[in-house]
Amino acid sequence: MNDNNAQVAVFIDYDNIEISASEKFGKDTEVEWSVVLDAAAQIGRVVVRRAYADWSSYGADRQRELLGSGVELVHVSSKRGKNAADIRIVIDALEFIHSGSGNITHIMLVSGDGDFTELVHRLRGQGIKVIGVGVGGTSAEYLINACDEFRFYESLAGLETPAPNKKNGKAGESATATPSFEISEARQLLRRALQSRAGEWVLAAELKNAMLRLDPSFSERNYGFPNFKEFLASAQDIAETQINKNEQIEVGLSSAEVAQIPDALLDEYLKILSQQKIRMNPNEYRPQIIFQFFDIWKNNPDLSLTALKEQVHAYFQETAPHVKWQYVHEVAHQLFHTYCFDFDQSEEQSDVRLWDRRVKFAAGVERKPDLLDKCDKGLLQKLLRSLGSTKKINKEAAARLLYGSVRGQAMLDHVSELIDGLKAAPRSES
């Protein structure tokens with residue numbers, strides 16, 4: 001959508017796009033530069049159009065096409081090295097920003113070269129919005145993720161994408177991004193953006209910006225929709241829309257999706273904990289397992305953590321064999337990673353593996369519920385650090401994470417108290 005206040009500068013890494021397009025679509029492919037420039041014009045007023053290459057290598061026809069579109073051809077001799085054009089683009093882009101020429105607000109960087117990633121970070125740090133354009137399958141993934149938005153040339157040109165190849169970019173680059181343009185990916189992106197605003201109505205423009213923050217390469221045109229409104233209309237099972245008093249489209253999560261939030265969020269919470277080396281299989285036995293850790297240690301205060309875990313397992317193997325060894329093992333790790341134990345630091349234990357040292361419970365753990373609460377709060381604390389706000393912790397999903405299921409309002413109230421207790425010290429344990 002065109003912004004009357006946007007001032008756009010377009011910098012084209014000509015060789016990169018020409019070579020990438022010929023590799024992907026065939027050596028006779030002619031890049032339609034008009035569609036790239038049209039995309040820039042849709043952002044706002046284009047005040048700079050520059051294409052960088054060793055123009056002695058290209059015929060007059062190609063130069064004439066760009067000149068006819070108002071593009072300034074910047075000659076960079078290939079004798080100065082293969083990165084000479086890249087360096088010149090970086091210098092020119094930074095000079096434009098720091099000199100204040102044209103009051104540039106947006107830069108369209110037409111290249112898939114990962115070497116421009118640092119430039120993108122620098123531009124964004126200066127408050128410039130960066131839109132990348134590159135060929136799918138040859139554009140560096142970390143460049144795509146660095147941009148505010150990234151558009152694939154083949155989508156702009158309406159080209160049919162051939163089967164993806166395995167080729168990566170230049171040596172030393174990360175894997176290149178080959179877009180699949182599967183509608184399921186766009187639907188999942190929409191779902192993720194709306195789940196973070198569950199229970200709210202959000203302006204369609206704000207929603208699209210949220211989706212772009214999650215995936216800068218998102219564009220409804222990649223999936224055959226002429227505009228975002230049409231994309232939303234195709235996903236009514238996920239997103240409901242309404243028109244507000246200002247005649248603007250607002251979007252909310254559908255009632256069917258709201259009902260599934262605890263399931264989706266539970267998966268997200270498990271993934272967050274797994275990334276911190278805490279694996280959990282939500283089950284209703286977890287509190288009893290934690291209580292047994294407490295009871296056995298009380299009767300055997302000289303046990304190591306390894307021995308304590310083994311005795312807890314032996315207890316359940318004899319009295320409740322349906323409580324799996326895996327559950328006991330996971331609880332031991334949960335207690336460890338939430339700082340529920342103090343390990344013997346005496347000199348005689350200095351060469352002993354940590355889990356084989358004698359343990360005692362951390363200060364403040366005097367009763368079985370104290371141990372459960374400390375572990376629960378520790379796990380919720382880790383979610384908070386990842387999610388950034390207690391408001392993003394869903395109490396139903398948290399209850400299922402900690403206790404395997406939701407058994408009444410009293411349990412939800414208890415979980416709410418645990419979550420509320422995180423507010424005062426979101427980084428109290430490191």
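Computed from a predicted model, the values in this text were never measured in an experiment. (Residues numbered from 1 in each chain as written. Predicted model: local features only at pLDDT ≥ 70, side-chain atom pairs only at ≥ 80, totals over all residues. Heavy atoms only, no water.)

**Student:** An account of unusual backbone geometry is needed here, citing residue identities and associated values.
**Tutor:** Of note in the backbone geometry, Glu 247 takes a positive phi value of approximately 65 degrees without being a glycine. Mapped onto the elements of the fold, Glu 247 is located in the loop between β10 (239–243) and β11 (249–253). At Lys 277, a residue that is not glycine, the phi angle is positive and equals roughly 70 degrees. Here Lys 277 shows up in the loop between α11 (255–275) and α12 (286–299). (Helix = DSSP H or I, 4+ residues; strand = E, 2+ residues; numbered from the N terminus.)

**Student:** Can you lay out the nonpolar core for me, pointing to particular residues and giving the numbers?
**Tutor:** In terms of nonpolar packing, the biggest core is built from 77 residues, with Leu 190, Leu 207, Phe 293 and Ile 393 touching the most fellow members. Broken down by element, the residue count for this core peaks at eight residues, all from helix α15 (residues 368–387). Once you skip the residues sitting within four places of it in the chain, Ile 393 turns out to touch Tyr 269, Leu 380, Leu 383, Leu 384, Leu 387, Ala 398, Ile 419 and Leu 422. Of all hydrophobic cores here, the second largest spans 29 residues; its members include Tyr 52, Val 74, Leu 123 and Ala 146. (Core = buried A, V, L, I, M, F, W, Y, C linked by side-chain atoms within 4.5 Å. Buried < 20%, exposed > 50% of the residue type's maximum accessible area, 1.4 Å probe, protein only. Contact = heavy atoms within 4.5 Å.)

**Student:** Talk me through helix α4 (residues 84–99); I want residue IDs and the actual numbers.
**Tutor:** Helix length check: α4 (16 residues) gives 22 Å between terminal C-alpha atoms against 22 Å at 1.5 Å per residue, within 8%. Every buried residue belonging to α4 is among Ala 84, Ala 85, Asp 86, Ile 89, Asp 92, Ala 93, Leu 94, Phe 96 and Ile 97, and all of these are buried. Buried positions along α4 lie against β1 (7–13), β2 (45–53), β4 (106–110) and α5 (117–125). (Expected span 1.5 Å × (residues − 1).)

**Student:** Just give me the short version of the environment of Lys 391, but keep the residues and values in it.
**Tutor:** In this fold, Lys 391 is placed in the loop between α15 and α16 (395–403). Using a relative accessible area of 80% as the deciding quantity, one classes Lys 391 as exposed. For the pair Lys 391 and Asp 420, spaced 29 residues apart in the sequence, the C-alpha separation amounts to 9.2 Å.

**Student:** Account for the packing of α11 against α15, with residues named and values stated.
**Tutor:** Packing of α11 against α15 brings their axes to within 10 Å, and their N-to-C directions diverge by 95 degrees. Relative to α15, the element α11 lies roughly perpendicular. Here Glu 268, Tyr 269, Ile 272 and Leu 273 of α11 lie close against α15, whose contacting residues are Leu 379, Lys 382, Leu 383, Ser 386 and Leu 387. Taken together, the residues that form the contact of α11 with α15 break down as six nonpolar, one polar and two charged. (Axes fitted to C-alpha atoms, helices over the stretch in contact; angles between N-to-C directions. Parallel < 35°, antiparallel > 145°, perpendicular 65-115°, else oblique. Nonpolar A, V, L, I, M, F, W, Y, C, P; charged D, E, K, R; others polar.)

**Student:** Help me get a handle on the pairing of β11, residues and values and all.
**Tutor:** For β11, a buried count of four out of five residues is recorded, marking the element as mostly surrounded by other parts of the structure. Here two bridges tie strand β9 (residues 202–203) to β11, and the two strands are oriented antiparallel to one another. Bridged to Val 202 within β11 is Val 251. Note that β10 and β11 share five bridges and pair antiparallel. Its bridge partner being in β11, Glu 240 is matched across the sheet by Gly 252. Between β10 and β11, which pair antiparallel in sequence order, lie five residues; one of them, Glu 247, sits at a positive phi of approximately 65 degrees. (Pairing = 2+ DSSP bridges.)

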